[in-house]
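Structural overview
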Amino acid sequence: MLSRHKLFQTMMPYQTQTYSTLKTHHQVVPKVKNKHGVEVDNVMQTCYGALKITDLVGVRYGSQISLSKGWAHILYPTPELWTVTLPHRTQILYTPDISMVIMQLEVIPGSIVCEAGTGSGSLSHAFLRAVGPSGHLYTFDFHKERAQIVQEEFRSHGYTDSVTVAHRDVCVDGFGIEAKADAVFLDLPKPWDALPHALKTMKSSGGRICSFSPCIEQVQRTAEIMEKMGLQEITTLECLLREFQIRTITIPSIDVPSQKYGNKREDGEEERKSTDKKIKLDKKLEVDDKKIQEEEHSMNEDGEQVIENKSREIERIKLNDEESEEEEVNGIQKGNENDRKGDTEKKVEKENKTTFKTAVPLLKMPGHTGFLTFATLPPSI
């Protein structure tokens, strides 16, 4: 594995005596010959810098190796890593489909499995791990060169005793074995032609069969033949990988309606009280004006009544001034209160935001790869 923080999935290490080698599309060796025929250090160029194969000598799996622009992690080889790094000679099955096949075929340590359509060996490696040393895989491919290449890969990966590779067209010549298999997997253009031969390979105690087809028309034809041959529990599945990203999202909280209406009622109550006070003051001033007018007609010669009227006029002016001052003070207080209320609302608005983590699906994701049709062969058919 190679990364700063990402997985580097284009190399697989294999332990060979005292040093590790890498597996990309070909076996990587510590020394190579240059154009002059002289052996030099083998250097692997990556997007994170150059990697000398000799730096892997004696390195244990899981160790970290520094590069010029990052670092590499040496991983123990697994079928999953081989699936993402193998040289593609054909279309292959990936981990989502492979995991479903292993489970539905009920492959366990000690199982005998027949595979028609070896291809690049992606599923074959998963079968070999599942059956273990006590089980066995018989795999067939009609292409001679592909069969030879995959056989060499099995040998280099240490699976010589657990697998038998054969160049054979199973649709015409059959599997060449009888009553041995616990499970059969078919990856063929016309799987219905291989079904009669597949049944002959299976044990009398029964077993499971799977056919992988990219087109629904192939699935329909295969299912019809399976039903006519007496197979049971015929099921077709499609495995789609759905990837999610973890993101942090902030949204505003919803205000409680009762709080809003409560604030409006308080503001309305204050306005009503202020209006009532003004009405009372206007009525009082109106009564005083009438009294002054009546008293002006009854003034005596000494001018005593005039002095009294002037005193009342002065008192009236004082009342108006006091009212104006009171309104001004109330206005200032109300303005300060509104400012404080605005600051509080802003603070509350800031506090009334909810932040949480959630999973969001990607806009573009891998789609259809193929259909998996499973069926059960009952005992003694």
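So, how was this worked out
Residues numbered from 1 in each chain as written. Predicted model: local features only at pLDDT ≥ 70, side-chain atom pairs only at ≥ 80, totals over all residues. Heavy atoms only, no water. pLDDT = per-residue confidence, 0-100. Contact = heavy atoms within 4.5 Å. Buried < 20%, exposed > 50% of the residue type's maximum accessible area, 1.4 Å probe, protein only. Helix = DSSP H or I, 4+ residues; strand = E, 2+ residues; numbered from the N terminus. Pairing = 2+ DSSP bridges. Right-handed = clockwise from strand over helix to strand, strands pointing away. Phe/Tyr/Trp six-rings, centres within 6.5 Å; stacked < 30°, edge-to-face > 60°.

1. Structural notes on the confidence of the model for the chain
On average, residues of the chain score 78 in pLDDT, and 69% of them reach the 70 mark or higher. Confidence drops under a pLDDT of 50 for residues 1-26, and excluding neighbours within four residues, the segment shows 95 contacts in the predicted structure.

2. Comments concerning the pairing of strand S13 (residues 183-186)
A two-sided burial pattern is seen for S13, the buried positions comprising Ala183 and Phe185 on one face and Val184 and Leu186 on the other. In terms of strand pairing, S13 meets strand S14 (residues 207-213) through four bridges, oriented parallel. The residue of S14 that forms the bridge with Ala183 is Arg208. After leaving S13, the chain enters helix H6 (residues 191-201) and then returns to the sheet as S14, a path that is right-handed.

3. Looking at the environment of Ala126
You can see Ala126 is positioned in helix H3 (residues 122-131). The exposure class of Ala126 is buried, given its relative accessible area of 6%. Separated by 47 residues in sequence, Ala126 and Pro79 place their C-alpha atoms 5.5 Å apart. Those residues in contact with Ala126 that lie beyond four places of it in its chain are Pro79, Ile98 and Ile102.

4. Some details on the packing of aromatic side chains
Counted under the stated rule, the structure contains three aromatic pairs. Seen from their ring centres, Phe127 and Phe185 are 6.3 Å apart, and the 65 degrees between their planes marks the pair as edge-to-face. Placement of the pair is Phe127 in helix H3 and Phe185 in strand S13, with a sequence separation of 58 residues. We note that Phe127, like Phe185, is buried. Here the aromatic rings of Phe140 and Phe175 are separated by 5.4 Å at their centres, their planes lie at 80 degrees, and the arrangement is edge-to-face.

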